[in-house]
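# Breakdown of the fold
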Amino acid sequence: MIRPDAIRRSFVPTRAPEVAWVELDGEVVVYHEPSAATMVLNATCSLLWQLFDGRSTLTEISRELADEFDAPVRAIQHDVMAATRELGARDLLAGVGPEREANGP
Amino acid sequence: VPGHTTRPRRALGLSFAIRTDDGALTHHLDSVYGDLEETPERDVDVDLRHIDGEIAVTVEDRTYYRGTSRGVALANLAIAVNHEAVRATEHLVLVHAGGVEREGRAAIFPAAPAAGKSTLVAGLVQRGFRGLTDEVVALDPATGHVLAYPRPIALKRGSWAVLPTLRPQVEPDVEPYLTEQWLVPPSHIREGGIGRTCTPALVIVPRYDAGATTTCELLSRAEALEALASSCHNLDRWGRRGFIVLADVVRQSSCHRVTSGTLEGACDAVEALFEAGGGRS
């Protein structure tokens, strides 16, 4: 289990198995079963969520998005890292724990 | 044990009867719960009785009210029946929302307490819609259909001025029980006022805002799903299957937020959304 701020470009994001999700008109809504919490992801997180296939690293995902949007990889990578850390902090990624758990005994 | 008992009826997954020590009140309760299906037996008794100068509303060992106000006691009796019904229902996904039906299509109104759900449902039934519920929308997870739960619509004091004709006609002994709420079954608003099993077509988050002009905004399906999920009574029991049932509701619905300062304005907005073909792609 790693902390969200320990996520690096080589990280391979995988959706947590206890999370159900649906895509509705481009927006992703997730349901975190253990806490019974429902969240609407913002546009960046919605896009990324659908690209998390459990095989691609954040660098590879950033390159794919840079090609797609014809944007500089560095700028895209910054947003991808921030959004992925946010998803991890919300307990939505496998192997990533929120700060409170990482700081435990 | 109180001496007067209503006929047993089914509220969602609960079979119940109401026992009181007041014959006139029992007669009134038999009437206001009369839109619920009669059952041969009951699982629980909901008791309203006078004890040592107070009135108590209890179900088995659960006390819903103990005090001196008959009006508050009756309001709590309605809460008790509803709470017990939700508690006993395991086979349906239940959402804290009002709902109406027309031509086999449902409008669902998820909203916080005091948002005006009951008033809106009563107003729409007066206009020719059929009432599904003013409090708990029941979804069949196998079909995605909305089922009618025609408990009496609970109209609080704030609604009385705009719905004066719905005041229950009761014997004088029952009048003191009507100081807080009127309990009005949909069939008493108009004949044929009870909704039928139907498909979701509209999700509308209503909000009463005194003095506001009526506005109707589009709500994204994602926001509507979040509204339904956060209002779901038993999502923790249903887990991801319940989440998917709710997602299917918003997929086949058009979703809106209606803010209004008048019942007429809110009803006009809902009617316009229905006429615009809400839910028909």
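Above this text sits the structure in question.
What comes next concerns the included structure. From a predicted model like this one, the values you see are computed outputs, not experimental measurements. Starting afresh in each chain, residues are numbered from 1 along the sequence in its written order. For this description, chains carry letters from A and ligands carry numbers from 1, given in the order in which they are written. With the structure being a predicted model, the display of local features is reserved for residues of pLDDT at least 70 and the display and counting of side-chain atom pairs for 80 or more, all residues being used for whole-chain, interface and lining totals. As a rule here, side-chain values come from all non-hydrogen atoms in the structure, and water together with hydrogens is ignored.

## Brief notes about the overall build of chain A
Counting its secondary structure elements, chain A contains four helices and three strands. Note on conventions: DSSP H or I runs of at least 4 residues are helices, E runs of at least 2 residues are strands, and numbering of each starts at the N terminus. Ordered by position from the N terminus, the helices and strands of chain A form the series β-β-β-α-α-α-α. Taken over C-alpha atoms, the radius of gyration comes to 13 Å for chain A, in line with the 13 Å a tight globule of 105 residues would show. Dimensions of chain A along its principal axes, counting C-alpha atoms only, are 40 × 35 × 20 Å. Out of the 105 residues in chain A, the part that is buried amounts to 42%. Residue contacts are defined here by distance: any two heavy atoms, one from each residue, within 4.5 Å place the two residues in contact. Across chain A, contacts joining residues at least 24 apart in sequence account for 59% of those joining residues at least 6 apart. Using the Shrake-Rupley algorithm and a 1.4 Å probe, accessible areas are obtained, with residue cover drawn only from the displayed protein chains. Counting only carbon and sulfur atoms, one obtains 49% of the accessible surface of chain A, whose full area is about 5600 Å². Charge assignment in this entry is limited to Lys and Arg as positive and Asp and Glu as negative, and neither His nor the chain termini are counted. By convention, the point assigned to a charge is CZ for Arg, NZ for Lys, CD for Glu and CG for Asp. Averaging the coordinates of the 10 positive side-chain charges in chain A and doing the same for the 17 negative ones gives two points 9 Å apart. With C-alpha atoms as the basis for the radius of gyration, the globule rule is written as 2.2 Å multiplied by the number of residues raised to the power 0.38. Only protein chains enter the accessibility calculation, which uses a 1.4 Å probe; a residue whose area is less than 20% of its type maximum is buried, one above 50% is exposed, and one in between is partly exposed.

## Quick word on the pairing of strand S7 (residues 93–102) of chain B
Residues and elements named next belong to chain B. Buried residues dominate S7, accounting for 10 of its 10 residues. The side-chain alternation of S7 yields two buried faces, one formed by Val 93, Val 95, Ala 97, Gly 99 and Glu 101 and the other by Leu 94, His 96, Gly 98, Val 100 and Arg 102. When DSSP locates at least two bridges between a pair of strands, those strands are taken to pair. Across four bridges, the pairing between S7 and strand S10 (residues 136–139) is antiparallel. Among the inter-strand pairings, His 96 is bridged to a residue of S10, identified as Val 136. Where S7 meets strand S8 (residues 105–110), six bridges bridge the pair, whose relative direction is antiparallel. Bridge pairing in S8 places Val 100 opposite Ala 107. The loop that links S7 with its antiparallel partner S8 comprises two residues; one of these, Glu 103, has a positive phi angle of about 50°. Pairing analysis gives three bridges linking S7 to strand S9 (residues 130–133), with the strands arranged antiparallel. When the bridges of S9 are listed, Glu 101 appears paired with Arg 130.

## Brief notes about the sheet that holds strand S3 (residues 37–40) of chain A
All names here are of chain A. In spatial order, the strands read S1-S2-S3; together these three strands make up an open sheet with antiparallel pairing. The open sheet has two edge strands, strand S1 (19–24) and S3, and neither has a second partner. Pairwise comparison of adjacent strand axes, ignoring direction, gives a mean angle of 15° for this sheet. Sheet topology places strand S2 (residues 27–32) next to S3; four bridges connect them, and they run antiparallel. From the neighbouring strand, His 32 faces S3, where its bridge partner is Ala 37. Packing of helix H1 (residues 43–51) onto the sheet brings it into contact with S1 and S2, and relative to S2 it is tilted by some 75°. Axis geometry follows a simple rule: fit a line to the C-alpha atoms, using only the stretch in contact for helices, then measure angles between N-to-C directions, giving values from 0 to 180 degrees.

Function cannot be inferred from these measures alone, as they are strictly geometric.
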